Amino acid sequence: MNPAQRQATLALRAWNIEIASIKSNVTNSQLGEMRIQWWKEHLDKLYEGEPSNTPISLALGQAIAHHDLTKAFFTKILNARAKDLHVIQPRSLSDMEHYCEQTSSSLLYLNLEILGVKNSTADHAASHLGQSFGLTTFLRAMPFHKSDIYLPMDLTMKHEVTQNDIQKGQVDERISNVIFEVASQANNHLIWARELKSKLPKEAVPAFLPSAFYEDFLRRLQKENFDPYRPELLEHGFAPRVIATKNYY
């Protein structure tokens, strides 16, 4: 990854953090909708070469111009985030996967464009990895957003788990079984993506290296009996752990 690609990737990540934090930083969905609508309108200006005088806007505008980033991917992310403002609990695991495809996978598609990769196999891998990253992030976020329900309704009904059970922040066998099913699907997407490894252009690999951190978390979650509230998972998360990623993906 050259310096220009690295700078564009950082700009994209900063923008994504800004958008992803809207739901938790507003007191009601209407305020969230206003913020997302502002970004939709500002996105038009970015593609017209008119960024605002803020660090994220300037950096993102430069990334869009230099790497010819596809506007539709940004729009998918914004639309999915806007819809999520009104979601108390996902209806199904399939709905969660669709949301992750619209958000996390779209972000990976943009990362591939920054790397100059236009390849259907890489896109296929990005689709699976985005869904894996998103599902894993839902599980990892549970201890930090106890008022939100990050487990799908179809699985909580299957295992007779109520919203109150989840919001207590304590994992019993029923909740553990729900988390196991979500984590298993996240791991399945990692496996399906890795099956495409031999067909990927080498230029795509940097976009997929974060898979090491997500798989590591899923392994440790399994070790902790699918309880994301365990101290080992809360203390270490992703970043502090040193994982060899050079030849990982």
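Here, every reference points to the structure presented above.
Here we summarise the structure given alongside this text. Quantities reported herein were computed from a predicted structural model and do not represent experimental measurements.

**Considering the packing of helix α10 (residues 173-194) against helix α12 (residues 211-223)**
Then, in step 1: Orientation of α10 relative to α12, taken along the N-to-C sense of each, is 145°, at an axis distance of 11 Å. Of the two elements, α10 crosses α12, and the hand of that crossing is left-handed. Here I179, A183, A186, N187, L190 and R194 of α10 lie close against α12, whose contacting residues are S211, E215, L218 and L221.
Then, in step 2: The residue inventory of the contact of α10 with α12, partitioned by class, reads 6 nonpolar, 2 polar and 2 charged.

**A closer look at the pattern of salt bridges**
Then, in step 1: According to the stated counting rule, one finds 13 salt bridges in the structure shown.
Then, in step 2: A salt bridge links K71 to D44, with the shortest nitrogen-to-oxygen separation between them at 2.4 Å. Of this pair, K71 sits in helix α5 (residues 71-84) while D44 is found in helix α3 (residues 29-47), placing the two residues 27 residues apart along the sequence.
Then, in step 3: In this structure, R91 engages D95 in a salt bridge whose closest nitrogen and oxygen atoms are separated by 2.9 Å.
Then, in step 4: With a relative accessible area of 60%, R91 lands in the exposed category.
Then, in step 5: When salt bridges that share partners are traced, they join D165, D172 and R174 into one network.

**Focus: the nonpolar core**
Then, in step 1: By size, the foremost hydrophobic cluster in this structure holds 68 residues, and its most contacted members are W15, F74, L151 and F208.
Then, in step 2: Residues within four places of W15 in sequence aside, it is in contact with W39, I56, L60, F74, I77 and L78.

Parameters at a glance
- Residues numbered from 1 in each chain as written.
- Predicted model: local features only at pLDDT ≥ 70, side-chain atom pairs only at ≥ 80, totals over all residues.
- Heavy atoms only, no water.
- Axes fitted to C-alpha atoms, helices over the stretch in contact; angles between N-to-C directions.
- Helix = DSSP H or I, 4+ residues; strand = E, 2+ residues; numbered from the N terminus.
- Left-handed = near helix turned anticlockwise from the far one by under 90°.
- Contact = heavy atoms within 4.5 Å.
- Nonpolar A, V, L, I, M, F, W, Y, C, P; charged D, E, K, R; others polar.
- Salt bridge = Lys/Arg side-chain N within 4 Å of Asp/Glu carboxyl O.
- Buried < 20%, exposed > 50% of the residue type's maximum accessible area, 1.4 Å probe, protein only.
- Core = buried A, V, L, I, M, F, W, Y, C linked by side-chain atoms within 4.5 Å.

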